[in-house]
Amino acid sequence: MVVTKLRRAQRYAPFLNQFNGMVVSLQIACSLLGMEYDEDMQDDDVFAVTKALRQRISGPVLICYGKNGFCYCADERLMLSHYTSKSHNSGLYSHYRDCVAAGFIHCLAKGIYEEKLLSFVSACREVS
């Protein structure tokens, strides 16, 4: 599941336990959890938000944040990935989001987890 609009996030909050995977931005994850969002969150804060969201849904979570980061959590595994970024046209954000979500779903369907999943979604992000 991909939640794309901050103003719509609260519609999904009561139903988080019904999702079996999620790709969201850090800001939307904070909104879903009723947590304070800060643009300058440190890695420990991102880990905490990702773990909290993972505890509310029944599958893996991928949080996209900043200009170059992903945080992935499945079961007790928690990984953070920073990638080098080409200049990114914010006008193509929907393509970026769709490519990352498609890569995430592809990896889950194929049983690809952890490092390979993060590499794959990072590559999908660059394709956008």
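Coordinates for the structure precede this section.
Numbers given for residues are sequential positions, taken from 1 along each chain in its written order. For a predicted model such as this one, the threshold for reporting local features is a pLDDT of at least 70, and the threshold for listing and counting side-chain atom pairs is 80 or more; totals across whole chains, interfaces and linings nevertheless cover every residue. Working from all heavy atoms in the structure, the side-chain values ignore hydrogens and water.

### Quick word on the overall build of the chain
What counts is decided by this rule: Runs of H or I in DSSP of at least four residues are treated as helices and runs of E of at least two as strands, each being numbered from the N terminus. When a residue's accessible area, from a 1.4 Å probe over protein chains only, is under 20% of the maximum for its type it is buried; when over 50% it is exposed; and in between it is partly exposed. Here, two residues are considered to be in contact whenever any of their heavy atoms come within 4.5 Å of each other. Under the convention used here, a 1.4 Å probe and the Shrake-Rupley method define accessible areas, while residue burial counts only the protein chains that appear.
Check the secondary structure of the chain and you find 5 helices and 4 strands. In sequence order, the secondary structure elements of the chain are arranged as α-β-α-α-β-β-β-α-α. With 128 residues in all, the chain has 41% of them scored as buried. Contacts in the chain between residues at least 24 apart in sequence constitute 50% of all its contacts with a sequence separation of at least 6. Carbon together with sulfur atoms contributes 48% to the accessible area of the chain, which is approximately 7300 Å² in total.

### Structural notes on the pairing of strand 1 (residues 22-25)
Convention followed: Here, a strand pair is defined by DSSP locating no fewer than two bridges between the strands.
Burial of strand 1 is two-sided: the residues Met 22 and Val 24 facing one way and the residues Val 23 and Ser 25 facing the other way are all buried. As judged from the 4 bridges shared by strand 1 and strand 2 (residues 61-65), these two strands associate in the parallel manner. Paired with Ser 25 across the bridge in strand 2 is Cys 64.

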